[in-house]
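The lines below spell out each chain.
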Amino acid sequence: PHTGRLALYLLGLRATCPPPGPQRSLVTWLKYYLEEDWTGSRRHGHPLTSYYQYGLGVLALCVHHKRVREEVIRRLLTAQHHGRLGHSGNAVDTEAVVALAFTCLERRRLVGTELAAELRAAAHRASRSMAEAQGPDGIIGNIYSTPWALQVFLATGTCQAEPAFGQAMAALLENLEAFGTAATMAQVLPVLHGRSYLDIASMHCQEEPDTLTPMDIEPPTEVLGNKTVQLVVECSLPWCYELRLYDRPVPVPAAASLLDVLWAAAALEPKDFRFHTQDTPQGPFLTQVLGLEARQDKRNYWQLLTAPNTPLQMGIADYRPEDGETLILRLSEW
């Protein structure tokens, strides 16, 4: 099911104040996708896509002032209560989206009094959890998760009383160059204006001026020359008996991203190095390396690090390693 993509499109559509009409059928499709997403995976006890996409779907329906069945909402409440919402930075994204959906449903009075109280408590638990997960650099999860956490602080009204808010905002302002895709810009722009996706639901469209103007964007400066990156693949028990599965220098152009490094390694040794990615709104996501697949039901994922043990704050298509840098792909448990 295209749950997440349609949800993001509907959020964007609502923010543009469209004339009434076409979005009604899309909202109906989103309701259908939410049911398909869960029905197709009852055996595993989680959505076919992910809790992130499922939460986005509930949030988009709420922003469009549509009621959601209580059973659908309780699936998210149960997942949050049992800690099933993902790993590392991904967990912050998912927990934030779910918290925003809960806050929207409670504020728009789309649920009963008892459930509204549960949703309010769950959203504040998520806010506290994100503040506790903040690193010394101010980042919460990773740089792309930080705007989601800030949206939760804004939506739940905890930003003024939470020192984590100011520290996360400072970290965000120092790393704005990381937000280069439409999807990541859409996450960070509301925060920079002190808003969250919940504010879309209460927009007065007749008061919105037409302020969209084209921008002249200069092409990026071409970086000449070459560099060599040491690429390492690690996998530990219970999935592998040998920790280091791959360790090779990979020559690439000076402007190459981590994704370019992976393609170069595959071209150098097509029999020894293979990988797969999955397209997401935030860019390609690494799902398989050397035949080893990261799977939600196994609670593992491919962690990206720069040696000796520093997690990357960007995705594989955005991170550009330095000459001589060692990059580690590690199959890790969450």
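Just so it is clear, the structure is predicted and the values come from calculations on it, not from any experiment. Counting restarts for each chain, with residues numbered from 1 along the sequence as it is written. Given that the model is predicted, a residue must reach a pLDDT of at least 70 before its local features are reported, and side-chain atom pairs must reach 80 or more before they are shown or counted; all residues, however, enter totals for whole chains, interfaces and linings. To obtain the side-chain values, all non-hydrogen atoms of the structure were included, while hydrogens and water were left out.

A look at the packing of helix α8 (residues 163-174) against helix α9 (residues 182-192)
Contact pair α8 / α9: the axes reach a minimum separation of 12 Å and the direction vectors enclose 125 degrees. Regarding the angle of α8 to α9, the classification is oblique. In the packing of α8 onto α9, the handedness of the crossing is left-handed. On the side of α8, the interface is formed by Met169, Leu172 and Leu173, while α9 contributes Val188, Val191 and Leu192. Along the lines of polarity and charge, the residues of the contact of α8 with α9 split into six nonpolar, no polar and no charged. Lines fitted to the C-alpha atoms define the axes, with helices restricted to the stretch that makes contact. Angles between their N-to-C directions range from 0 to 180 degrees. What counts as a helix is a DSSP run of H or I of at least four residues, what counts as a strand is a run of E of at least two, and both are numbered from the N terminus. Working rule for angles: under 35 degrees goes down as roughly parallel, over 145 as roughly antiparallel, 65 to 115 as roughly perpendicular, anything else as oblique. By definition, turning the near helix anticlockwise from the far helix through less than a right angle yields a left-handed crossing, and turning it clockwise yields a right-handed one. Residue contacts are counted whenever heavy atoms from the two residues lie within 4.5 Å of one another. Side-chain classes follow a simple rule in which Ala, Val, Leu, Ile, Met, Phe, Trp, Tyr, Cys and Pro form the nonpolar group, Asp, Glu, Lys and Arg form the charged group, and the remainder, Gly included, forms the polar group.

What to know about the sheet that holds strand β3 (residues 275-280)
What makes two strands pair is DSSP finding at least two bridges between them. The strand order across the open sheet built from three strands is β3-β4-β5, with neighbouring strands paired in antiparallel fashion. Of all strands in the sheet, those with a lone pairing partner are β3 and β5 (292-293), marking the two edges. Here helix α10 (residues 258-268) sits on the sheet in contact with β3 and β4 (283-289), set at roughly 150 degrees to β3.

A look at the pairing of strand β8 (residues 326-333)
Put simply, side chains in a regular strand alternate between the two faces of the sheet. Here strand β1 (residues 226-235) runs beside β8; their pairing, made up of six bridges, is parallel. Along β8, the bridge assignment pairs Glu234 with Arg330.

A short note on unusual backbone geometry
Going from Ala307 to Pro308, the amide bond is cis rather than trans, its omega being 5 degrees. One non-glycine residue, His65, lies in positive phi territory at about 65 degrees. With respect to the helices, strands and loops of the structure, His65 is situated in the loop between α3 (51-63) and α4 (70-81).

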